[in-house]
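Report on the structure
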Amino acid sequence: MNFKKLKNTQFIIALSLLVVGIGIVVSTTLPQATKYYVTVDEFLKAPEKYAQQSIKLAGRVVPNSIDKNTQTLTWTFKVMESEAPIDVYYQGAMPDTFKDEVDVVLTGEYVGGRFVAVEVLAKCASRYEEKLEAPLQMQEQANHLSSEDTHRDDT
Amino acid sequence: MTPEKIGQYSLYFALIVCVFGLLTSIFAQLKKKSTYVRIARNSVWAVSLCVLSAAVSLWVCLLTGRFHVEYVHQYTNDTMPIIYKVAALWGGQNGSLLFWLMILCAYSSVVMWQNRQKNYNFLPMVCATLLSIAGFFLILINFDANPFAVVPFALDYGKGLNPLLQNYYMIIHPPSLYLGFVGMSVPFAFAMSALITGQLDNRWIVQVRTWTLVAWFFLSIGNLLGSSWAYEVLGWGGYWAWDPVENAAFIPWLTTSAFLHSAIIQEKRGMLKTWNMVLVILSFIMTLLGTFLTRSGIVSSVHSFAQSNIGTYFLVFLIISIGVSVGFLLYRLKDLQSQHELDAIVSRESAFLFNNLIFVGAAFAILWGTLFPVLSEWVRGTKITVGAPYFNSIMVPIGLILLFLTGVGPLVAWRKTSKEQLKKHFVWPVGLLLGSSLLLLFFAPKTSSLLSNVYINLSFSLCVFVTASIFFEYKHGADLRRKFFKESYGLAILKLIVSNKRRYGGYIVHLGIVLLFVGFTGTAYRQEKEFKLNPNQIAKIKDYTLKYEALYPDNNPHREKVVAKVNVWKDKVFFGELTPSVVFYTPSRGEEAQQGTEVSMLRSVKEDVYAALITFDPSDRSIFLKIIINPLVGFIWFGGLLLVLGGVVVMWPNRKNTAVYA
């Protein structure tokens, strides 16, 4: 009986060591890898809160704001949500899906009146997100079409 | 009747039959009459036929370009190759839900066929669970995500599938992930049946283990294909980014891996019954949670899905599933007592137990990191994201402990291992472990961080340790066969595998894992550099010399391509030619212009030289070139292949055993 108890104690010690170990690793590494994630509007409400640290900024690329320098591989563009835009500066490779009006998540720091990005993520090519706006858009396109094109009627 | 109408009515009818079947299976459970069981079973087949008819209808719509069906308009167009029109079934949200349902029905039908003459006391509740899941999807598809919705006006063109997705990976990667995700429904159904009916002997675990293996197998393939897609085609330069969508597919893989190990303990020793139930339920819940997270848009991911209300449906279904399964689990808790206790800390049971805890610990650590932004927003009102450094720094030590246990498991005996046995089995593998560690200490290239040097050393020497332990397992078995049956080594090893597929196939899987670890460890030596080059200019990275030779167009009607030709020398010997390019897809009507990057690679066992053309300036033909040296990446794909092969061996039906299971 005592022998069995000893065995159980061994297991409990080993298991708790394991759990505590994982717990320590999680709790020490997590704070180093975290960043604020804010949308452009949220950022503009309290820019001082997010100053002088690397954050993630989500917004939509303002149409016709993209300026690319192929000699220095630098980009400037604006992102906005609903209120005001923010100027963005970025040096490096852009994702293929980056273009006007695409949703982006930028990683970087707000310095001297502009957001200096070190990483740009554009939404991936899966086109699920267009679903919501589609019917209205399509209606417009279709109305436009029916005025200039002849088409077959399937229904 | 038009195909979209046929599809629509099939879905309505499927829902009605599904409800009928659900009621019948509950009735069959209460009355315990085989007639009712058969009716319930037949209704599963009937639902499946309806769903199949709906899927075929959607395929007909997609292939014949019925663009006034909104889904067809969104995801196909006239110029797309036929194969991508077929793949468009899972290219968008609504179609992929129908595809999901179709796989569920296919699995359910197979289960009903396998058990057509047996297990009638199990079957009603298996039916009920599977039909409840199917019912959920049918409600979702019929009322909120209808792939057959038509626009009230005529349309004669489609937007087409994004050219970036028109790749053969699109044909195979999503289906294998879906097969894996949906596959967990079957083990869950058996587990629920065992819990509800209280038949908690070992019969359920045998069925469940086989089906979990199927799910695990496809999850493995799906994840590997996803990595390979990201690496080879999408130009990310890496194969894993700890994106929430990737994590959602990886978490169930971890929990099913845990279950596949602990199920063996239950079969052999009658232990861990509650734990196994928890793992099966957890794995199923994780597939739902993963789908909820990715489809609801509550976590941000590069894989964007609609921010639609189908997330709410999944949340409700998730809560119901957790409530029902945990409820029955608690109700049966007293019947799930172990028949044995752990005898010793150095035993195979305890090695498996630790392996399980680490698998589940890893799953929770990843889940925690994935959910952290959501939780922090709830608790503190600000969204805080967790980046790849967290996942990497936590998964490296966890992975190394797992690797260590992979080597230890086969060497220790069931129940307890004596000191003599320990000595006999461990002396060679441990000797090799220490030896290789010492060699690596002197000869392995060093990185700047001490911790990563320690990890590199541990990882490679543990790989040697595990390989040695597998080698001696095979050798030991083969020696015995040679002694008794006078077989040659080759024949002995072959017969060894055939005679115990689960064990020796499992070792093949482990060997695949070892190769994966070799590949993962190679990442520590990864080098990446961006160069701005003018024609004929030279760049150097590691021991490679690159010369930018020319920029030339390569056009066809579907796309315009600009290719940079770069010659590569290694230590002054010509090594090969890289041709990374930028592609501009010609938009067809209704399509948006899309640009793509085609990477170019020179692959070898030692390392890949990976090139991406970031941009070019047509005026002076200068280019920006990203070069990545990815050491040992090839091991990942080869290891993955071996893992899949081992999976096939383990799953291969055992002719001898089918009679036993019946």
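From a predicted model like this one, the values you see are computed outputs, not experimental measurements. Position labels on residues start from 1 in each chain and follow its written sequence. By the order in which they are written, chains take letters starting at A while ligands take numbers starting at 1. Totals for whole chains, interfaces and linings use every residue, but because this is a predicted model, local features are given only for residues with pLDDT of at least 70 and side-chain atom pairs only at 80 or more, for both listing and counting. Here the side-chain values reflect all heavy atoms present in the structure, with hydrogen atoms and water set aside.

1. Comments concerning the overall build of chain A
Rule in force here: Here a helix means four or more residues in a row that DSSP labels H or I, a strand means two or more in a row labelled E, and each is numbered from the N terminus. Partly exposed residues are those whose accessible area sits between 20% and 50% of the maximum for their type, while under 20% is buried and over 50% is exposed, using a 1.4 Å probe and protein chains only. The method behind every accessible area is Shrake-Rupley, applied with a 1.4 Å probe, and residues are considered shielded solely by the protein chains displayed.
Within chain A, the regular secondary structure consists of 3 helices and 7 strands. A burial count over chain A gives 39% of its 155 residues as buried. When the accessible area of chain A is evaluated, it comes to approximately 8,800 Å², of which 55% is carbon and sulfur surface.

2. Some thoughts on the overall build of chain B
Our working definition: The atom set for the radius of gyration is the C-alpha atoms, and the globule formula is 2.2 Å times the number of residues raised to the power 0.38.
When helices and strands are counted, chain B shows 20 helices and 11 strands. The C-alpha radius of gyration of chain B comes to 27 Å, within 12% of the 26 Å expected for a compact globule of 662 residues. Principal axes of the C-alpha set define a box for chain B whose edges measure 85 × 80 × 60 Å. Residues classed as buried in chain B amount to 60% of the 662 residues present.

3. Remarks on the pattern of salt bridges
All names here are of chain B. The criterion, for reference: Salt bridges are defined as contacts in which a side-chain nitrogen from Lys or Arg sits within 4 Å of a carboxyl oxygen from Asp or Glu.
Under the criterion given, the structure shown has 19 salt bridges over all chains. Between Arg332 and Asp335 there is a salt bridge whose closest N-O contact spans 3.8 Å. Looking at Arg332, the relative accessible area reads 14%, which means it is buried. Asp335 gets classed as partly exposed once you look at its relative accessible area, which sits at 37%. Across the pair Asp479 and Lys475 runs a salt bridge, and its minimum N-O distance is 3.1 Å. Here Lys475 and Asp479 lie together in helix α16 (residues 450-485), a separation of 4 residues that amounts to about one turn.

4. Remarks on the pairing of strand β11 (residues 622-631) of chain B
Residues and elements named next belong to chain B. Basically, it comes down to this: Two strands qualify as a pair provided DSSP detects at least 2 bridges between them.
For β11, the buried fraction is high: 10 of the 10 residues fall into the buried class. Alternating residues of β11 divide into Ser622, Phe624, Lys626, Ile628 and Asn630 and Ile623, Leu625, Ile627, Ile629 and Pro631, and every residue in both groups is buried. Here 7 bridges tie strand β2 (residues 527-533) to β11, and the two strands are oriented antiparallel to one another. Within β11, the position partnered with Lys532 by the bridge is Phe624. Pairing analysis gives 10 bridges linking strand β10 (residues 607-617) to β11, with the strands arranged antiparallel. Looking across to β11, one finds that Asp617 is bridged to Ser622.

5. What about helix α15 (residues 419-443) of chain B?
Residues and elements named next belong to chain B. The test is simple: An expected span of 1.5 Å times one less than the residue number is assigned to each helix. Across the chain, bend at a residue is computed as the angle between axes fitted to the seven residues ending at that point and the seven starting from it. In this analysis, two residues are considered to be in contact whenever any of their non-hydrogen atoms come within 4.5 Å of each other.
For α15, which comprises 25 residues, the first-to-last C-alpha distance of 34 Å matches the rise-based estimate of 36 Å (1.5 Å per residue) to within 8%. Within α15, the axis deviates most sharply at Phe426, by approximately 50°, and proline Pro429 lies no more than four positions further along. Residues of α15 that are buried include every one of Phe426, Pro429, Leu433, Ser436 and Leu440, and no others. Those residues of α15 that are buried are in contact with α14 (388-408) and α16.

6. Here we look at the nonpolar core
The nonpolar side chains of a soluble globular protein tend to be buried, and buried together. Threshold: In this description, a nonpolar core means a group of buried Ala, Val, Leu, Ile, Met, Phe, Trp, Tyr and Cys residues linked to one another through side-chain atoms lying within 4.5 Å.
Membership of the largest hydrophobic core comes to 219 residues, with the highest contact counts inside it found for Phe77 and Leu106 of chain A. In terms of residue count, helix α9 (residues 203-232) of chain B provides more of this core than any other element does, 15 residues in total. With near-sequence residues (within four places) excluded, Phe77 of chain A lies in contact with Val61, Ser65, Ile66, Ile86, Asp87, Val88, Tyr90, Met94, Phe98 and Leu106 of chain A. Of all hydrophobic cores here, the second largest spans 23 residues; its members include Ala539, Val568, Val582 and Leu602 of chain B.

7. Brief notes about a nonpolar patch on the surface
Residue and element names in this part refer to chain B. Note the threshold: Residues enter patches when their relative accessible area tops 30% and they take part in no salt bridge; the joining distance is 9 Å for like charges and 5 Å for the nonpolar side chains Val, Leu, Ile, Met, Phe, Trp and Tyr.
A grouping of Leu438, Leu439, Leu441, Phe442 and Phe443 is seen on the molecular surface, where their side chains present a nonpolar patch of about 610 Å² in accessible area. Looking at the element boundaries, Leu441 is found in helix α15. Taking relative accessible area as the criterion, Leu441 reaches 48% and is therefore assigned partly exposed.

8. Details of the packing of aromatic side chains
Residues and elements named next belong to chain B. Operational definition: Any pair of Phe, Tyr and Trp rings, taking the six-membered ring for Trp, is counted once the centres come within 6.5 Å. Such a pair is stacked with planes under 30 degrees apart, edge-to-face with planes over 60 apart, and tilted for the rest.
If you walk through the whole model with that rule in mind, you get 46 aromatic pairs over all chains. Residues Tyr504 and Tyr507 carry aromatic rings whose centres are separated by 5.7 Å and whose planes lie at 80° to one another, so their mutual orientation is edge-to-face. Taken as a pair, Tyr504 and Tyr507 lie in helix α18 (residues 501-522) at a separation of 3 residues, close to a single helical turn. Across the pair, exposure class does not vary: Tyr504 and Tyr507 are buried alike.

9. Some details on the sheet that holds β10 of chain B
Residue and element names in this part refer to chain B. Our working definition: Throughout, an axis means a line fitted to C-alpha atoms (over the contacting stretch in the case of helices), and angles, computed between N-to-C directions, take values from 0 to 180 degrees.
Taken together, the 4 strands give an open sheet; going across it, the order is β2-β11-β10-β9, and neighbouring strands pair in antiparallel fashion. The sheet is open, and its two borders are formed by β2 and β9 (600-603), each paired with just one other strand. In this sheet, adjacent strand axes meet at a mean angle of 20° when their direction is disregarded. Running at roughly 110° to β9, α9 makes contact with β9, β10 and β11 of the sheet.

10. Structural notes on the confidence of the model for chain A
Put simply, the rule is: You can read pLDDT as the predictor saying how much it trusts each residue, on a scale of 0 to 100.
Confidence along chain A averages 77 in pLDDT terms, with 74% of residues attaining 70 or more. For residues 125-155 of chain A, every residue scores under 50 in pLDDT, and the model assigns this stretch 60 contacts once sequence neighbours within four places are set aside.

11. Side note on the side chain of Thr385 of chain B
On the secondary structure map, Thr385 of chain B appears in strand β1 (residues 383-386). On the basis of relative accessibility, which here comes to 9%, the residue Thr385 of chain B falls in the buried class. Once residues lying within four places of it in the same chain are set aside, the contact partners of Thr385 of chain B are Ala33, Thr34, Lys35, Tyr37 and Lys56 of chain A together with Pro373 of chain B.

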